[in-house]
Amino acid sequence: MKATGFISLWTLVSLPCGQLANPAEHEDVVKHAIKLHRGKGAVVTQRKQWVLDSCRKLSGLLRQKNVVLNKLKNAIRAVEKDAGLSDEEKLFQVHTFEIFQKELNESENSVFQAIHGLQRALQGDYKDVVNMKESSRQRLEALREAAIKEEMEYVELLAAEKHQVEALKNMQHQNKSLSMLDEILEDVRKAADRLEEEIEEHAFDDNKSVRGVNFEAVLRVEEDEANSKRNASKREVEDDLGLSMLIDSQNNQYILTKPRDSTIPRADHHFIKDIVTIGMLSLPCGWLCTTIGLPTMFGYIICGVLLGPSGLNSIKSIVQVETLGEFGVFFTLFLVGLEFSPERLRKVWKISLQGPCYMTVLMIAFGLLWGHLLQIRPTQSVFISTCLSLSSTPLVSRFLAGSVRGDKEGDIDYSSVLLGMLVMQDVQLGLFIAVMPTLIQAGANTYSSIFKEILRILILIGQILFSLAAVFLVCLVIKTYLIGPYYRKLHAESKGNKEILILGITAFIFLMLTITELLDVSMELGCFLAGALISSQGHMVTEEIMSCIEPIRDFLAIIFFASIGLHVFPTFVIYELTVLLFLTLSVVIMKFVLAVLVLSLILPKTSQYIKWIVSAGLAQVSEFSFVLGSRARRAGIISREVYLLILSVTTLSLLLAPALWRAAIMKCVPRPERRSST
């Protein structure tokens, strides 16, 4: 380092030292700082002498550092001029010296960052919590960056060590003749090194400077099996193929999604254990519910409650379990669409479109009214009302599964109306998710004018309508030109081999799911439309595909309903049982009454009797309120207490749904059809 640079460094060091000794206005703060470093028993002269001695030591270290840097530069020049070294050896030695130079410079930077932090703290008011918080945040960021730099330097040292070992091996190989097998293995080793370099993604370096990326301090927890390997060497622990878990300061837990070395297969044993545990416990829970006359789905929810955070807390991969459970929704809606032929869809499309829209508008109106009386923010009232207006499609699908339903004398089938309205609610779910950013801005009062926000909502509605029209055109093209030849080809190729048929149908489901997702419509609608398109090929096709897909649907549905149980908190329900029962009964009765009122206006006179069954099927809250509630809570639209109330009301309404459904079936459905529906 040049002399001028050293003088400037000495000036920076001397400035805070002088401030520690002289200014009278910071005397109390100085005493407080010295107490933290030296204790309460030191006299004033000893404190000053300690500060001066520390500054002299620091200046001596800086001078010594400059001497070492000059020696390193001379050593680098000597290595570059040494003709006896190979180019690779020169690069290795120079790189080693540069790493040491970087270590010295980073250590110096850390010292001066600490000095500047102390100077900033002394200049502030230690009674000001905001100032102390800002100083703590800046120190935390500096420590995070220093930790990242040290980690990168450690990785470079590991690479240098690996290079040194390889250089020694090459020297040994040059001094002795290799056998043919050794030469082959050496070529394989070099090819493997090249493969690792090619497939390795420098994700850390590539994303380090991306906007929105923050450095975080995390804890790394090894697998439980690692406890039995305490006698193993550190190298063996580092090379262990087990998956570590990372825990950040907010208690979020992370697992490995893509390893650095992609040539070695790895498995998430926590996830495997979670699925195995859910599968084993679901059997007795399902049997218990069957014995007492409840649908088996409630047994699966109980299984999730027992294994979730409110029970044994044995599920480690909650997000992964919920993700797998979403496939249960996809296949459930596909089978619903498989039973819901286009002819039935055309017959009830007006009712399916008008009914959910009217109900949602009425729910929002009642929500705003009650919100005004209870002094709740309008954005919160709109969100809660919209959440509660949705009904559970998977639950009603299980109610209708296997029932004998048919139109009689031109009457409209209640199952067609009910499923059509539920599918339209799924479309509304996609619309509501698209409108949520506007609600967030409205809740934060960041919008410029009401007119602009109304215009934005209208534009979003226009986009959704355009997307629905595009989806309709795609379905029309597929039904007219593609679905028939596609299924005939699958049927011809799958004779004696059901794998091709299952894979072909699954691929078609995922294709429709992807199309609707790309068009900003809910993925669930794509699954339903996939089943409806295939059902257009006839009853025999429907039966064949249903026999293949139903076992897959049943297993994934178990995971889905168990994932719902992970978010049920019995202790909270018990503590607030009176309030929750009142709220749940109010929501169920209100939805039932509104559905009866709307259906009385839009149903033909000859089909008025089905309004009681359809209303009973709609009188519960959709499990998607969990998803919407979690997003709204993160965005600040609703509070933690409101979020827990929504979860509890949703759960209790789903538990009450079978009783209400059976009561409606007993009242309105003839006896032969009643047995199959229940």
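Residues numbered from 1 in each chain as written. Predicted model: local features only at pLDDT ≥ 70, side-chain atom pairs only at ≥ 80, totals over all residues. Heavy atoms only, no water.

Q: Looking at this structure, how should I read the overall build of the protein chain?
A: The secondary structure content of the protein chain amounts to 25 helices and three strands. A total of 678 residues make up the protein chain; the buried ones form 38% of that total. Of the contacts made within the protein chain by residues no fewer than 6 positions apart, 76% connect residues no fewer than 24 positions apart. Summed over its atoms, the accessible surface of the protein chain is roughly 39300 Å², and 63% of this surface lies on carbon and sulfur atoms. (Helix = DSSP H or I, 4+ residues; strand = E, 2+ residues; numbered from the N terminus. Buried < 20%, exposed > 50% of the residue type's maximum accessible area, 1.4 Å probe, protein only. Contact = heavy atoms within 4.5 Å. Areas by Shrake-Rupley, 256 points an atom, 1.4 Å probe, with all protein chains shown as cover.)

Q: What am I meant to see in the pattern of salt bridges here?
A: On inspection of all chains with the given rule, the structure shows four salt bridges. Linking Lys489 and Glu493 is a salt bridge whose minimum nitrogen-to-oxygen distance equals 3.3 Å. Here Glu493 and Lys489 lie together in helix H16 (residues 450-493), a separation of four residues that amounts to about one turn. By relative accessible area, which is 45% here, Glu493 ends up partly exposed. Among the salt bridges present, the one from Asp554 reaches Arg553, with a minimum N-O distance of 2.9 Å. (Salt bridge = Lys/Arg side-chain N within 4 Å of Asp/Glu carboxyl O.)

Q: Explanation requested: the sheet that holds strand S2 (residues 245-248) in the structure shown.
A: The strands making up a sheet associate through backbone hydrogen bonding, with each pair oriented either parallel or antiparallel. With respect to topology, three strands assemble into an open sheet ordered S1-S2-S3, the strand pairing being antiparallel. Bordering the open sheet on either side are strand S1 (218-221) and strand S3 (253-255), each of which pairs with just one other strand. The sheet shows a mean angle of 25° between the axes of neighbouring strands, direction not considered. Strand direction decides the pairing type here: S2 and S3, joined by three bridges, are antiparallel. Among the inter-strand pairings, Ile247 is bridged to a residue of S3, identified as Gln253. (Pairing = 2+ DSSP bridges. Axes fitted to C-alpha atoms, helices over the stretch in contact; angles between N-to-C directions.)

Q: Explain the UniProt feature "transmembrane region" (unreviewed entry) in the protein chain to me, please; I cannot follow it from the model alone.
A: With numbering matched to this structure, UniProt assigns "transmembrane region" (unreviewed entry) to residues 292-312, 324-341, 353-370, 457-481, 501-534, 555-575, 581-602 and 642-665. Across residues 292-312 one finds 57% helix and 0% strand; the C-alpha atoms that close the span lie 24 Å apart. Span residues 555-575 is 81% helix and 0% strand, its end C-alpha atoms 34 Å apart. (UniProt positions renumbered as here; feature names shortened; annotations may be inferred.)

Q: Is there a simple way to explain the environment of His95 in this structure?
A: Checked against the element boundaries, His95 lands in helix H4 (residues 87-123). By relative accessible area, which is 32% here, His95 ends up partly exposed.

Q: Please explain the packing of aromatic side chains as it appears in this structure.
A: Geometrically, a pair of aromatic rings is defined through the distance of the ring centres and the angle of the planes. With the rule as written, the count across this model stands at eight aromatic pairs. Measuring from centroid to centroid gives 6.0 Å for Phe327 and Phe510, while their planes differ by 75°, and the two rings are edge-to-face. Linking Phe327 in helix H11 (residues 318-339) with Phe510 in helix H17 (residues 498-518), this pair joins segments that are 183 residues apart in sequence. Seen from their ring centres, Phe331 and Phe510 are 6.4 Å apart, and the 75° between their planes marks the pair as edge-to-face. Placement of Phe331 in helix H11 and of Phe510 in helix H17 is noted, with a sequence separation of 179 residues between them. On the basis of relative accessible area, Phe510 is assigned to the partly exposed category, the value being 30%. Among the aromatic residues, those joined into a cluster by ring pairs are Phe327, Phe330, Phe331 and Phe510. (Phe/Tyr/Trp six-rings, centres within 6.5 Å; stacked < 30°, edge-to-face > 60°.)

Q: So what exactly am I meant to see when it comes to the pairing of S2 here?
A: The sheet contact formed by S1 and S2 spans four bridges and is antiparallel. Following the sheet pairing, Arg220 is matched in S2 by Leu246.

Q: Which parts of the structure should I look at to understand a nonpolar patch on the surface?
A: Together, Phe366, Leu369, Trp370, Leu373, Leu374 and Ile376 make up a nonpolar patch on the protein surface, roughly 610 Å² of accessible area in all. Mapped onto the elements of the fold, Trp370 is located in helix H12 (residues 342-373). (Patch = residues over 30% accessible without salt bridge, like charges linked within 9 Å, V, L, I, M, F, W, Y side chains within 5 Å.)

Q: Before we go on, may I ask you to explain the environment of Lys498 in this structure?
A: You can see Lys498 is positioned in helix H17. In this structure the C-alpha to C-alpha distance between Lys498 and Ile545, which are 47 residues apart in sequence, comes to 9.9 Å. In this structure, Lys498 is in contact with Glu544 and Cys548, ignoring residues within four places of it in sequence.

Q: Looking at this model, I keep getting lost on the nonpolar core. Mind explaining?
A: For soluble globular proteins, nonpolar side chains are generally found buried alongside one another. By size, the foremost hydrophobic cluster in this structure holds 93 residues, and its most contacted members are Phe334, Phe383, Ile505, Ile534 and Ile545. In this structure Ile505 touches Phe334, Leu490, Ile534, Ile545 and Ile549, once residues within four positions along its chain are discounted. Formed by 10 residues, the second largest nonpolar core is a distinct cluster that contains Cys303, Leu307, Val321 and Leu566. (Core = buried A, V, L, I, M, F, W, Y, C linked by side-chain atoms within 4.5 Å.)

Q: Sorry, what's going on with unusual backbone geometry here?
A: Residues other than glycine predominantly adopt negative phi, and peptide bonds predominantly adopt the trans conformation. Phi at Asn313 is positive, roughly 55°, even though this residue is not glycine. Looking at the element boundaries, Asn313 is found in the loop between helix H10 (296-307) and H11. On the basis of relative accessible area, Asn313 is assigned to the partly exposed category, the value being 44%.

Q: Which parts of the structure should I look at to understand the side chain of Ser391?
A: Within the fold, Ser391 resides in the loop between helix H13 (378-389) and helix H14 (393-400). Take Ser391: its relative accessible area is 2%, and that puts it in the buried class. Within the local environment of Ser391, its side chain forms a polar contact with the backbone oxygen of Gln620, the two atoms lying 3.4 Å apart. (Polar contact = N/O pair within 3.5 Å; in protein donor to acceptor, adjacent residues only side chain to side chain.)

Q: Whenever I open this one, helix H9 (residues 269-291) confuses me. Can you help?
A: Because each turn of an α-helix spans 3.6 residues, side chains separated by three or four positions end up pointing in the same direction. Along its 23 residues, H9 runs 34 Å from first to last C-alpha, staying within 8% of the 33 Å computed at 1.5 Å per residue. Buried within H9 we find His270, Asp274, Ile275, Ile278, Ser282, Cys285, Gly286 and Cys289. At its buried positions, H9 is contacted by S2, H10, H11 and helix H19 (539-565). The distance from a side-chain oxygen at the start of H9 to the backbone nitrogen of His270 is 3.3 Å, and the residue carrying that oxygen is Asp268. After H9 finishes, the residue Gly293 shows a positive phi value of roughly 90°. (Expected span 1.5 Å × (residues − 1).)

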